[in-house]
Amino acid sequence: MDNKDVNQKESFAQFFTRIAALTAGACGLIYIFDFSPSLHELSEKVLSYTLKSWILFVGLPYVARIGWRKRKQILNYVLKSKEKYSQGSDQANSKSTNDTIFIEAAEGQVAASVSDLREIPFSEVFPPQFDMLPRNPRPINSKVFTREYASEKISNALELVGFNFEGNIEILSIESGPALQIISFRLPPKIQLSQLMKKKDDIANHLGQHQSFEVTTSDYQSAAAFIIPHRDEDRAFVYLRDVAQDLIRYSENAELPVVYGRKMKGEALLVDLAKLPHLLVAGTTGSGKSVFFNVILSSLLTILSPKRLRVILIDPKKVEFSVYSGFPHLLTPVITDMRRAATAIQQTIVEMERRYDLFSQLGVRNISHYHKKYPRKERLPYIIIGIDEYADLVLLLGAEVEEPIQRGLQMGRAAGIHIIMGTQRPSVDVVTGIIKANLPSRVAFRLQSGVDYRTVMDTGGPSLLGNGDGVCVVNGGSPQRFQSAAISTNDDESTMFIEQLGEFWRRTVISNESIFTEPNLGETSDNEILGDLVELAKVQEEFLDNSNDIDLSKNIDKTDDTEGQHNPDEIYEKAISIARENNGINVAILQKKLRIGYMSAANILTKMQEQGLIEKYNSSKNMRQWISGQQDEVYKEKKLREGIKDHICRTGILSSTDLSSIFEIRKETILLHMKELVAEGFLSPPSSPRMGYTLAWDEEQVQNYLENHPAELKDTIN
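Residues numbered from 1 in each chain as written. Predicted model: local features only at pLDDT ≥ 70, side-chain atom pairs only at ≥ 80, totals over all residues. Heavy atoms only, no water.

**Thoughts on the overall build of the chain**
No. 1: Along its length, the chain carries 27 helices and 20 strands.
No. 2: In the chain, of all internal contacts separated by at least 6 residues, the share reaching a separation of at least 24 is 65%.
No. 3: Looking at the chain as shown, the accessible area adds up to about 36,900 Å², and 50% of this sits on carbon and sulfur atoms. (Helix = DSSP H or I, 4+ residues; strand = E, 2+ residues; numbered from the N terminus. Contact = heavy atoms within 4.5 Å. Areas by Shrake-Rupley, 256 points an atom, 1.4 Å probe, with all protein chains shown as cover.)

This is the structure we're talking about:
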C-alpha cells in the first residue's frame, strides 16, 4: 500500500530522472567493459541522447522554476548593479544635468519621463525632496511558499481535518504581498467552499497559522483560496520611497494625492483625499495608526507646495506632530491646547463659509471649478485639519468641537477643507452615527475588540496582524485589506526625513528658488512670497503669546462679516424665540433663520447654554434641546414684560386696569411687571397711593425704541 502511494505521488521529473539514470548506468557498463565496437558506439549515442533529453525535460524546467521563484531577488540584484554602474559613470558628468528634472508640486506634473525608472538613477528622475526618503532594507519577502510545499501542506491539513481525496491539491497560483500570501487551489471533488469555511479554525491549526488565516473565494473556477500571513521575520516593508514613482504618476490627475501602502497582492494603493473627502483612522497602540498618519502627511507635504496646501495639526499627546513645527504649510503652530483647537476649528468653518459666499458670487460649484474658471484670481489653498486623537477632543470639549467638526464634514469638500481624524477608542459615543454618515472613507488597523472594529467599519472583519496591517473603505466601497506604507521602520530615520523636508520647504520659500511653478497664475514676486512668510511668522508668534483666542483669519482672510451689523440684543431675542418654537436649535438653523455667520451663531448658543435655556449638544439628534419648565416660564414672563413695554411706548397707556384688559391677565400680574419696568428705568413709581405709574423715558428715548423694534402684538407673547 505504501509503495502504491509513493508511485502515485511520483512526479514526471522524478520518473524521467530514474529512467535516465538506469539508462546512463547501462551505457556506462557497456562502455567500461570490453564489448564489441558496435555496442560501444551505440552506448555513446544512447548516453548522449539521454543526457540531452534529461536537460531538456528536467534540468531546464527546474532551473526556470527556481529562477521564477527567486525572480524578485534576481531583479533587485540586477537593478542595484545597474544603479551602481550608472552612478559611477555619471560622476564625471557635470552636476547641472542632475538639476534639470523637477516636479511641478503645484499641479503634480512630472517634467521628465518616468516610463522606466529602473534604468535611471533615483535622484535624476525625482525632485530633491524625494531623494531624501530612506531606503527600504527589506523590499521583498525573504521566504515565500513554493507550489510543491503549498500543495503538500494544504493536502495534509485537509486530510487531518477529515476530507478524503486522492492525490495532492492542485495549486493554481501563489500571490505574495508584503504581509500576506494568497494561495489559490482547485477544490477536490465533493468538497465545497462552505465546508472549508466551517472548518477554518481546524485548518488553521493544522497549518500552524493561528492569526489572520482566512478562507475565501478565488478568481479561478471551482477553486478556493487560503490567505496565509508571512512570519514577522519574513514580512516585507513598504516604504514611501518604494511607491514614489506611483505617487508622482498618480498626482498628475489628483488634487491631494495620498499613499496608503500596498494591497494584499502587492499593488500600490493610492487615493485622492479631495475625493474621499474626509478620513477616519482607528487603531490601538502598535497597530500602525501613527505611522500611517505620518505617511499621509508626508505624501502631501512632499509633493504639494505651501501655495497649494495649508495644514492645521491638532496633537493632544504633544509628541506626535511636534516634528512638523516650522513647516511653511502650517496655518498655525502645532496645536496641543484643546481650547485653542476648538477655536481653530471654528475659525476654519468661518473660512469655509467665506469661500461658499465667494463661490456663490462668482457662480462656481467648488474650489476646483473656481481655479479652472478664474485662474488669475486669488488662489485658494486646500486646508487639511489633522486630529491625532479625536476621542480626547470630544471628551474634553464635547459639543464645542463636535458641532463644528460635523459641519466641516458635511460642507467642507466643496470649499477645499478636509478633515483627517485618528482615534484609539472608536466607541459609539465618540464616533457617532452622524459623524460616520459624513465619513464614507475609513481605515481600521488592529483594535481592542470586534465591537470597536464594527463601530468603525459597520461590519465584521479579519483578525489583523498589527504593524500596518489594516482594512480600508474608500467612499463607501467594499473593504480591502492592505499593508500601510511607512517613511521608515526606524523612528530616527522618519524624524530626520520630516525635519529635512521642512528645511527644504523653508529654503524654497525664503529664497524663491522654487522647484515648482504656478501655471496661468501670473508671476509671483519675491516680496509677495517673503510677505506671506513674514505674515505667517507674525500669526505664529501671536498664537504662542495669546492664551485666550486664535485668529486664523489673518491667514485665511475675513471672518464673520455679518457680526456687528445688527443689534446684538435683538438677534439674541430672536434666537431664543427660534429655539423655543423648534424645541431646540443648532448652528445651521440659527445661521439660516438670522443670516449670521458661524462664529456669531456659536457664541449665541454658548450664551444660551450658560443661561440655562438650552441643553448640551446632542449628537444623535443634531440639536441642542430647549429646556422647558421653569426656564420656559421665565422666558414667557420676560416676553410679556417686553410686550407691555412696547405697548406703552406705542399707545401711552399706563393704566394697570386698561393693560390688564388688553393682555387678558390679572391686574396684580400687570402691577408686578410694572415694578420690574421701574427697576429697568422705563417707568417712574407712583408719587402717592392715588397716583399711577408714569413714563420715565423722554420722547427721544421712546422714538429710538420704536425705530429699533418692530410692532409687537400681544398674540406674539402667547
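**Section: the sheet that holds strand 7 (residues 257-263)**
No. 1: Taken in spatial order, the nine strands line up as 8-7-15-14-13-9-12-11-10 in an open sheet, and their pairing is mixed. Sheet topology places strand 8 (268-272) and strand 10 (309-314) at the edges, where each strand pairs with a single neighbour. Going from strand to strand, the sheet's axes swing by 30° on average, the running direction of each strand aside.
No. 2: Of the strands in this sheet, strand 7 and strand 8 touch helix 10 (residues 244-251), which is tilted by about 30° from strand 8. (Pairing = 2+ DSSP bridges. Axes fitted to C-alpha atoms, helices over the stretch in contact; angles between N-to-C directions.)

**Concerning the side chain of Thr 508**
No. 1: Topologically, Thr 508 is positioned in helix 18 (residues 491-511).
No. 2: A distance of 2.8 Å separates the side chain of Thr 508 from the backbone oxygen of Phe 504, its partner in a polar contact. (Polar contact = N/O pair within 3.5 Å; in protein donor to acceptor, adjacent residues only side chain to side chain.)

**Looking at the packing of aromatic side chains**
No. 1: Going through the model one piece at a time under the given rule, you end up with 19 aromatic pairs.
No. 2: Centre to centre, the rings of Phe 213 and Phe 226 are 5.2 Å apart; their planes meet at 65°, and the pair counts as edge-to-face. Highlighted residues: Phe 213 in the loop between helix 9 (200-207) and strand 5 (214-217) and Phe 226 in strand 6 (residues 223-229), separated in sequence by 13 residues.
No. 3: Between Lys 607 and the ring centre of Tyr 572, over which it is positioned, the NZ or CZ distance is 4.3 Å. (Phe/Tyr/Trp six-rings, centres within 6.5 Å; stacked < 30°, edge-to-face > 60°. Lys NZ or Arg CZ within 6 Å of the ring centre and 35° of its normal.)

**Looking at helix 3 (residues 37-69)**
No. 1: Helix length check: helix 3, at 33 residues, gives a terminal C-alpha distance of 47 Å against a target of 48 Å (1.5 Å per residue), a fit within 8%.
No. 2: Its maximal kink placed at Ile 55, helix 3 deviates by approximately 40°.
No. 3: Among all positions of helix 3, only His 40, Ser 43, Thr 50, Val 58 and Gly 59 are buried. (Expected span 1.5 Å × (residues − 1). Bend = angle between axes of the 7 residues up to and from the residue. Buried < 20%, exposed > 50% of the residue type's maximum accessible area, 1.4 Å probe, protein only.)

**Here's the deal with empty space enclosed by the protein**
Taking a probe equal in size to a water molecule and rolling it over the atoms shows the remaining empty space.
No. 1: Counted according to the given criterion, the structure contains one cavity of 30 Å³ or more.
No. 2: Put simply, the largest cavity is a space of about 50 Å³.
No. 3: Forming the boundary of the largest cavity are Gly 177, Pro 178, Ala 179, Leu 180, Arg 262, Lys 263, Met 264, Asp 469, Arg 481, Phe 482 and Gln 483.
No. 4: For the lining of the largest cavity, the secondary structure elements donating two or more residues are strand 7 and strand 15 (480-484).
No. 5: A total of three residues in the lining of the largest cavity trace back to one element, the largest contributor, which is strand 15. (1 Å grid on protein atoms, 1.4 Å probe; cavity = no way out; pocket = protein on both sides within 12 Å on 5 of 7 lines; lining within 4 Å. Points joined across faces, edges and corners; volume = space filled by probe spheres on them.)

**Some details on unusual backbone geometry**
Keep in mind that most residues, glycine aside, have a negative phi and that most peptide bonds are trans.
No. 1: Between Leu 276 and the following residue, Pro 277, the backbone shows a cis peptide bond with an omega angle of -10°.
No. 2: When you line up the elements, Pro 277 lands in the loop between strand 8 and strand 9 (279-282).
No. 3: In this model, Ser 222 sits at a positive phi of 55°, which is unusual for a non-glycine residue.
No. 4: Inspection of the secondary structure assignment puts Ser 222 in the loop between strand 5 and strand 6.
No. 5: Positive phi, normally seen in glycine, also occurs at Asn 467, with a value near 55°.
No. 6: Take Asn 467: it is sitting in the loop between helix 17 (450-457) and strand 14 (469-473).
No. 7: For Asn 467, a relative accessible area of 54% puts it in the exposed group.

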